[in-house]
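Each chain, written out:
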Amino acid sequence: MQVFWQSKKNQRRIVTAVKLLIAAVVLFYSLLPVVYTISSAFSPVQGVSRQLIPANPTLDNFREILYDQPFGLWMWNTTKIALISALLSAMITTLTAFAFSRFRFAGRGQLLLGILLIQVFPALMAMIALYSLLDQLGRCCIPALGLNTHGGLILIYMGGAMGLNVWLMKGFFDSIPRDIDESAMVDGASHWQTFWYLIFPLVRPIVIVVVILTFFGVYADWILPSIMIGTKSELFTLMLGLQTFIGNNYGQNWSVFAAGAVLGSILPVLVYILLQDKIVGGLTTGAVKG
Amino acid sequence: MRAVNLEEENKPGKGGGSLTASTLALRLLGLMIFDAGAFWMILTMWGDGYWQFATVIAVITILINYIWLRPEAYPLRWMSPGLAFMILISVYPIIYTVYISFTNYGTGHLLPKVQAIEVLEQRRYLPESGLAYNFTLYQNANGDFALLLTPEGDREAEPIVVIPGEDIEEPELGPLAEDGLPVNIVIPEVDEPFERVARAVILRALSDLQQTTFGGEEVAVQIRGIDRAAALQQRYVYDEETDTITDKQTGIIYIGDDERGEFISADGNVLIPGYSVTIGFRNYQRFLGNPAFRGPLVLIFVWTVIFALFSTVLSFALGLMIALVFGRNMPGQKVIKSLLIIPFAIPGVLTILVWRGLWNPVNGIVGIWLSELMGTPINVFADSFWVKVALITINVWLAYPYYVLINSGALQAIPQDMYEAADIDGANAWHQFRALTLPLLLVGVGPLLIGSFLVNFNSFNLIYLFNNGGPPIVGTPTPAGHSDILISYVYRLAFASAGQDFGYASAITVIIFFILATITLFQYRFMRTWERVGESV
């Protein structure tokens, strides 16, 4: 007569049960704030609530954030800034990474290392210089790139184009055999033609990943808009809007904020879930979520 | 498909690798347009006095021209837009910060010496026996006031017209009234003409008028009575020979101290504002040396390292555990992974604010649970220990899904036959993990761990949004909090309302940079080895 846990079959069952238990605990930890936010969004009571499931669910908070707050405008601002920044910087990154991968030139190693080192400089103090830079640029020459403009924000995001993504993309270019380039060059193609017609189609998936990561990086950014946009609420990005919305009187707008947080999270969550394999592949190679 | 494209593009005369006259002309034209724009910007900025900014643009312009004109710089053409943005947005602020770290730039030392002297020399005082004037008050349709001054007892003298903050050089005086004073005055700089006002108006506005300084550089007066005004005198006079400022009111002499950027009197009084000067390594000495000045920095530094280390290691460990548990034969794996990616996808600012609500000691569920668990009410926002626990919990929450995804990818890359070999050798599960899984995993994931340590070192958003660095540490020279990490302390120094110390904040920033750059260089050695491997394939 075997003891219960000595049978192979039962052992496997126990292991699976333990695994599921661990999964449950972890998922609880992981999803608690998410569930709580969703439930707050439907709660009729403003202020942080003790209940995990609200007593009388209501859509009022969504009505408030959509109609009485400039949520749509903030969303539009964010999407516009993030999309332009993501496309432009992906373009810059791709061209740069191609050159690093395919050409050997004096200072190449130093430049690659320099890009890496620039990334670890704490950006907070750089804000002082950037603030006066936008201020001066706006006042002397190009008002559309000054303080309190979306153009100025995009300009600063361009500075991040020469970042870790260059390393990430260079890795992908490196993985494409150079025989392809060489045979094209033998046939008389220029570097540009080789890049555009041969190599670019091969790296297009990773370019899309870079666009998506940059897009949501800008989408989720809060500190830069909060410094460069000031207090004009019609220029706010979504994060800045939602943060200032509850910043001063934390409890009072809690449930409306939760509704805004839910609406603002739908897009990134959907995209990340749908494209998780691609994004994970991209992340594994270099970029770290900041 | 691609091959076909290439065929089409490869027709003769389509450019190829060689340089044709038309592409050269096009390139030169583009460069000229760029240069024209840049030149205009440099001139405008220089004219406006933004010489630092103008210099940066000039450097970028020269670089771009070099890159596009010299054949040996061909590879750089591909990255020229990136380089231009990098210099403007990343490199210039770094140089600027390093420069500031060697100055005393901050509240009370914001201006260069010449401008600070100008500010001081504009200060005026009302001497006991100043030159006295009779005044007549005028007002225009906008409600602005103007004064017509005649030296007391000298009706024949040329009258002077002043408005607040300015003396008017060429006023047009209107027709004279019976008492010999004009009925109205037209001032070229101001649209509306000024009309003489009745005594009643003067009486009503007198207390306001007495607060105002009329006139500027030549004559400055303050109203002293119903029809009398007294000339103000310049209070501080700078003498370039001796580099001293004399206070005319008190007679005290202040000596310029270019080491400290201040004018100091013999008994140690300091004129405000001082001026910004380079002070060498003083900001750094403050950080490393004098404990009284350094204040809570040791505490903050230790907590920064603990925070970054614990966040990284715990989220890696939790991620690894889940990846191992879910391994291969786990029911519902796909769904669970999708659920795990949700916290990672939600913008961090939002989740930090939600966590702040959850930890609320009165109404937040997690805050209530904690109090019940510990048996006493605990307010994490006021408790120097629990606030740290809360912050690490949140940071692990933000980061561990990333490690689940990374680790499960890396685990699959470990060849299965190595485990089979280990099985034959009789290694148990724990030995296999210690000797096989972990080392192999760390080879791939190690650099990412270092990367997230660097990110955590500077995770300003979390610290600032959760509790603003608090609770405060008692008795520090500048405000600091128990949960402040270096970067949030820098923020306090640089942007806090109490008084900004950009110089010191920049010095700490540079020190953070050195710490992180050292770690990065260390990591780079490994990455370079990879690169060589990659290239040889």
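Reading the values: rules and limits
Residues numbered from 1 in each chain as written. Chains lettered and ligands numbered in written order. Predicted model: local features only at pLDDT ≥ 70, side-chain atom pairs only at ≥ 80, totals over all residues. Heavy atoms only, no water. Helix = DSSP H or I, 4+ residues; strand = E, 2+ residues; numbered from the N terminus. Rg over C-alpha atoms; globule rule 2.2 N^0.38 Å. Buried < 20%, exposed > 50% of the residue type's maximum accessible area, 1.4 Å probe, protein only. Phe/Tyr/Trp six-rings, centres within 6.5 Å; stacked < 30°, edge-to-face > 60°. Lys NZ or Arg CZ within 6 Å of the ring centre and 35° of its normal. Polar contact = N/O pair within 3.5 Å; in protein donor to acceptor, adjacent residues only side chain to side chain. Contact = heavy atoms within 4.5 Å. 1 Å grid on protein atoms, 1.4 Å probe; cavity = no way out; pocket = protein on both sides within 12 Å on 5 of 7 lines; lining within 4 Å. Points joined across faces, edges and corners; volume = space filled by probe spheres on them. Pairing = 2+ DSSP bridges. Axes fitted to C-alpha atoms, helices over the stretch in contact; angles between N-to-C directions. Salt bridge = Lys/Arg side-chain N within 4 Å of Asp/Glu carboxyl O. Domains from an automatic or database assignment.

## What about the overall build of chain A?
Inference 1: For chain A, the count of helices and strands is 13 helices and 0 strands.
Inference 2: Scanning chain A from its N terminus toward the C terminus, one meets helices and strands in the order α-α-α-α-α-α-α-α-α-α-α-α-α.
Inference 3: A compact globule built from 290 residues should have a C-alpha radius of gyration of about 19 Å, whereas chain A, at 25 Å, is more than 25% larger.
Inference 4: Taken along its principal axes, the extent of the C-alpha atoms in chain A is 75 × 70 × 30 Å.
Inference 5: The proportion of buried residues among the 290 residues of chain A is 56%.

## What about the packing of aromatic side chains?
Residue and element names in this part refer to chain B.
Inference 1: Scanning all chains against the criterion turns up 47 aromatic pairs over all chains.
Inference 2: Residues Tyr-402 and Tyr-403 carry aromatic rings whose centres are separated by 5.1 Å and whose planes lie at 70° to one another, so their mutual orientation is edge-to-face. Note on accessibility: Tyr-402 and Tyr-403 belong to one class, buried.
Inference 3: Sitting above the plane of the Trp-303 ring, Lys-388 keeps its charged end 5.2 Å from the centroid.

## Focus on the side chain of Asp-247 of chain B
Residue and element names in this part refer to chain B.
Inference 1: Position of Asp-247 among the secondary structure elements: in strand S14 (residues 244–247).
Inference 2: Judged by relative accessible area, Asp-247 falls into the buried class, the value being 1%.
Inference 3: Polar side-chain contacts of Asp-247 include one of 3.1 Å to the side chain of Thr-250.
Inference 4: Among all residues touching Asp-247, those that are not within four sequence positions of it are Arg-235, Tyr-236, Ile-252 and Tyr-254.

## Observations regarding the layout of surface pockets
Unoccupied space between atoms shows up once a probe the size of one water molecule is rolled over them.
Inference 1: Approximately 1400 Å³ is the volume found for the second largest pocket.
Inference 2: What lines the second largest pocket is a set of 43 residues, among which Ile-128 and Ser-132 of chain A together with Tyr-96, Ile-100 and Tyr-105 of chain B lie closest to the centre.
Inference 3: Every element with two or more residues in the lining of the second largest pocket is listed here: helix H5 (123–140), helix H10 (223–228) and helix H11 (238–247) of chain A together with helix H3 (51–69), helix H5 (80–100), helix H17 (460–467) and helix H18 (486–495) of chain B.

## Structural notes on the sheet that holds strand S13 (residues 236–239) of chain B
All names here are of chain B.
Inference 1: Spatial strand order, S13-S14-S15-S16: 4 strands in an open sheet with antiparallel pairing. The open sheet is flanked by S13 and strand S16 (262–265), the only strands paired with a single partner. With direction set aside, neighbouring strand axes in the sheet form an average angle of 30°.
Inference 2: Pairing geometry for strand S15 (residues 253–257) and S16, over 4 bridges, is antiparallel. From the neighbouring strand, Asp-257 faces S16, where its bridge partner is Glu-262.
Inference 3: Where helix H6 (residues 113–121) meets the sheet, it contacts S13, S14 and S16, and its direction lies at approximately 145° from that of S13.

## Description of unusual backbone geometry
Residues and elements named next belong to chain B.
Inference 1: With an omega of 5°, the peptide bond between Ile-272 and Pro-273 qualifies as cis.
Inference 2: Tracing the backbone shows Pro-273 in the loop between S16 and helix H8 (282–288).
Inference 3: With an omega of 0°, the peptide bond running from Gly-470 to Pro-471 counts as cis.
Inference 4: Inspection of the secondary structure assignment puts Pro-471 in the loop between H17 and H18.

## Here's the deal with the pattern of salt bridges
Inference 1: Counted according to the given criterion, the structure contains 10 salt bridges over all chains.
Inference 2: Among the salt bridges present, the one from Asp-181 of chain A reaches Arg-102 of chain A, with a minimum N-O distance of 2.6 Å. Of this pair, Asp-181 of chain A sits in helix H8 (residues 179–186) while Arg-102 of chain A sits in helix H3 (residues 71–102); the two residues are 79 residues apart in sequence, bridging distant segments of the chain.
Inference 3: The class for Asp-181 of chain A is buried, based on a relative accessible area of 8%.
Inference 4: Overall, the relative accessible area of 9% leaves Arg-102 of chain A in the buried class.
Inference 5: Linking Glu-262 of chain B and Arg-260 of chain B is a salt bridge whose minimum nitrogen-to-oxygen distance equals 3.2 Å.
Inference 6: Assessed through its relative accessible area of 13%, Glu-262 of chain B is described here as buried.
Inference 7: What emerges from the salt-bridge pattern is a single network uniting Lys-113, Asp-243 and Asp-258 of chain B.

## Here's the deal with the domain arrangement of chain B
Interfaces are often sized by the accessible area lost when the parts come together.
Inference 1: Each assigned domain of chain B is listed here: domain 1 (21–100), domain 2 (124–234) and domain 3 (296–485).
Inference 2: Centre-to-centre, using C-alpha coordinates, domain 1 of chain B lies 53 Å away from domain 2 of chain B.

## Observations regarding the pairing of strand S3 (residues 145–151) of chain B
All names here are of chain B.
Inference 1: Counting buried positions along S3 gives 6 out of 7 residues, so the element sits mostly inside the fold.
Inference 2: Looking at chain direction, strand S2 (residues 132–139) and S3 are connected through 7 bridges and run antiparallel. Of the residues in S3, the one forming a bridge with Asn-134 is Thr-150.
Inference 3: Between the end of S2 and the start of S3, which pair antiparallel, lie 5 residues, with Gly-143 showing a positive phi angle near 90°.
Inference 4: Of the strand pairs in this sheet, S3 and strand S4 (residues 160–163) are connected by 3 bridges, and their pairing is antiparallel. Paired with Leu-149 across the bridge in S4 is Ile-160.

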